[in-house]
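Summary of structural features
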Amino acid sequence: MAELSDDARRNRESWTQANAEHTDARASAAWAEEEITWGVFSVPEASLGTLGDVGGLDVVELGCGTAYVSAWLARRGARPVGVDVTPAQLATARRCQEETGLVFPLLEASAEDVPLASESFDLAISEYGASIWFLRNSTLSILCAPEEEAPPGRTLLRPQRGLGRMEWPGEIGVEWQLPHGELFRLLRRTGFDVVDLVELYAPDDATDHEYYTVFSADWSRSWPAEEIWVAAKPS
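Overview of the structure.

What counts, and where the lines are drawn
Residues numbered from 1 in each chain as written. Predicted model: local features only at pLDDT ≥ 70, side-chain atom pairs only at ≥ 80, totals over all residues. Heavy atoms only, no water. Pairing = 2+ DSSP bridges. Helix = DSSP H or I, 4+ residues; strand = E, 2+ residues; numbered from the N terminus. Axes fitted to C-alpha atoms, helices over the stretch in contact; angles between N-to-C directions. Salt bridge = Lys/Arg side-chain N within 4 Å of Asp/Glu carboxyl O. Buried < 20%, exposed > 50% of the residue type's maximum accessible area, 1.4 Å probe, protein only.

Section: the sheet that holds strand β10 (residues 193-200)
- In spatial order, the strands read β7-β11-β10; together these 3 strands make up an open sheet with antiparallel pairing. Strands with a single pairing partner mark the edges of an open sheet, and in this sheet they are β7 (135-137) and β10. In this sheet, adjacent strand axes meet at a mean angle of 30 degrees when their direction is disregarded.
- In the sheet, β10 pairs with strand β11 (residues 226-232) via 7 bridges, with the strands oriented antiparallel. Residue pairing for β11: Leu200 is matched across the bridge by Glu226.

Structure, rendered in structure tokens:
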């Protein structure tokens, strides 16, 4: 693996901790889920239609964690490769492969410097990984989030201008959270067309997550807690 940036090292430490506290214990159940869902409140992909048919596609998952998204796609006929910077989460993913017999390549690397050939995949996907895009915190939730560990409220607490690299008090990891206009222009500059932007709300029957307390179900029923960006190279 190439030498990591300071941000990547910090995020590896953060996800090592999260794996010990939550994601390792949750991984087997996540791999076994029949339905693809997104976000803290498990919004069904079937109601959103962000992926389309993945059968026969070569897929790279950047920041795959315990690789349950790759497992979901493999069951639907895709050929995934999971890339993650955190050895502990990849070890969990390999355990799940042994449990299920569903095997695909797993690569320890940072999404900042992926040692794979350019243009060798039909689809790249990232759920809360790789600088937080595809599925990420909504811009509005960031603007309304307090500095201390608490869910967003109903008041704007920080300016949108200048959003980018973010560190949260008491948190190890680092986030990059660009506002909509800047992310749109970044994708366009790098050769992508923005196909869709889907804002995720908590379902009516949602309850607060037992581990990820960054959003409350009550707030997220009225405002989008998370958002999915879909972009494509022009054909």
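The structure having been displayed, the exposition proceeds.
Some points on the pattern of salt bridges
- Applying the stated criterion across every chain, the model contains 11 salt bridges.
- Across the pair Arg95 and Glu99 runs a salt bridge, and its minimum N-O distance is 3.1 Å. With a gap of 4 residues between them, Arg95 and Glu99 both fall in helix α3 (residues 87-100), about one helical turn apart.
- You can call Arg95 partly exposed: its relative accessible area is 27%.
- For Asp193, the salt bridge goes to Arg188, with nearest N and O atoms at 2.3 Å.
- Among the charged side chains, a salt-bridge network with shared partners connects Asp7, Arg10, Arg165 and Glu167.

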